[in-house]
Amino acid sequence: GTISETVIAYMQENLNRQITLDEISKLVHREKSYLVRLFRSETGKTPIEALIDMRLTTASDLIATSDLSIYEIALQCGYNTVSFFISKYKQCYGMTPEKHRQIIRENQGI
């Protein structure tokens, strides 16, 4: 696979913890600035932007499909503080995770 595919797979496997650009560049044996340019040319995003998208997409899926608490979802998606997670989620989806879950459940008739 491509370097970007390797990086994305690594991020998915390690979503629940902090991942640094240093760590990723060592993984693929590339200098950080080169890695960022290459990754952006292949995906349209920087590795960190892709990681944030991945974290929030996974969080949204868990909010829709699980009964995990918002705290548990934040931890699983690599956020150490719930308040930071909630602010990022709201920035991305225009509502808090709790509100999103409430709307989904109302739509499902639960």
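Above this text is the structure in question.
In this text the structure is predicted, and so the values were computed from the model without any measurement.

Trainee: Please clarify how the side chain of Ser25 should be interpreted in this entry.
Mentor: Along the polypeptide, Ser25 turns up in helix α2 (residues 21-27). Setting aside residues no more than four positions away along its own chain, Ser25 makes contact with Arg30, Glu31, Lys32 and Leu35.

Trainee: How should the pattern of salt bridges be read in this particular structure?
Mentor: If charged atoms from side chains of opposite charge come close, those side chains can pair. Under the criterion given, the structure shown has 4 salt bridges. Of the charged contacts in the structure, one is a salt bridge between Lys32 and Asp22, with a shortest N-O distance of 2.8 Å. Taken together, the positions of Lys32 in helix α3 (residues 32-43) and Asp22 in helix α2 put the pair 10 residues apart, joining distant regions of the chain. Relative accessible area serves as the criterion here: at 35%, Lys32 is assigned to the partly exposed category.

Trainee: When you look at the packing of helix α4 (residues 47-65) against helix α7 (residues 97-108) in this model, what are you seeing that I'm missing?
Mentor: A pair of packed helices is captured by two measures, namely the crossing angle of their axes and the spacing between those axes. The N-to-C vectors of α4 and α7 enclose an angle of 45 degrees; their axes lie 9 Å apart at closest approach. Taken together, the axis directions place α4 and α7 in an arrangement best described as oblique. Crossing hand, α4 versus α7: right-handed. Each of Ser60, Leu62, Ile63 and Ala64 in α4 lies in contact with α7, whose residues at this interface are Pro97, His100, Arg101, Ile104 and Gln108. Partitioned by chemical class, the residues of the contact of α4 with α7 number 5 nonpolar, 3 polar and 1 charged.

Scoring rules and cut-offs
The residue numbers shown here count from 1 along each chain, following its written sequence. The predicted origin of the model limits local features to residues at a pLDDT of at least 70 and limits the giving and counting of side-chain atom pairs to 80 or more, whereas totals for whole chains, interfaces and linings rest on all residues. Side-chain figures throughout are based on the complete set of non-hydrogen atoms in the structure, without hydrogens or water. The numbering of helices and of strands both runs from the N terminus, where a helix is a DSSP run of H or I of at least 4 residues and a strand a run of E of at least 2. When checking whether two residues touch, look at their non-hydrogen atoms; a contact exists if any pair is within 4.5 Å. Any Lys or Arg side-chain nitrogen found within 4 Å of a carboxyl oxygen on Asp or Glu counts as a salt bridge. Three labels apply to residues, based on accessible area from a 1.4 Å probe with only protein chains included: buried if under 20% of the type maximum, exposed if over 50%, partly exposed otherwise in between. Helix axes are fitted to C-alpha atoms over the stretch in contact, other axes to C-alpha atoms as well, and angles between N-to-C directions run from 0 to 180 degrees. Angles below 35 degrees are treated as roughly parallel, those above 145 as roughly antiparallel, those between 65 and 115 as roughly perpendicular, and all remaining angles as oblique. Less than a right angle of anticlockwise turn of the near helix away from the far helix marks a crossing as left-handed, whereas a clockwise turn marks it as right-handed. Side-chain classes are defined by residue name, with Ala, Val, Leu, Ile, Met, Phe, Trp, Tyr, Cys and Pro counting as nonpolar, Asp, Glu, Lys and Arg as charged, and the others, Gly among them, as polar.

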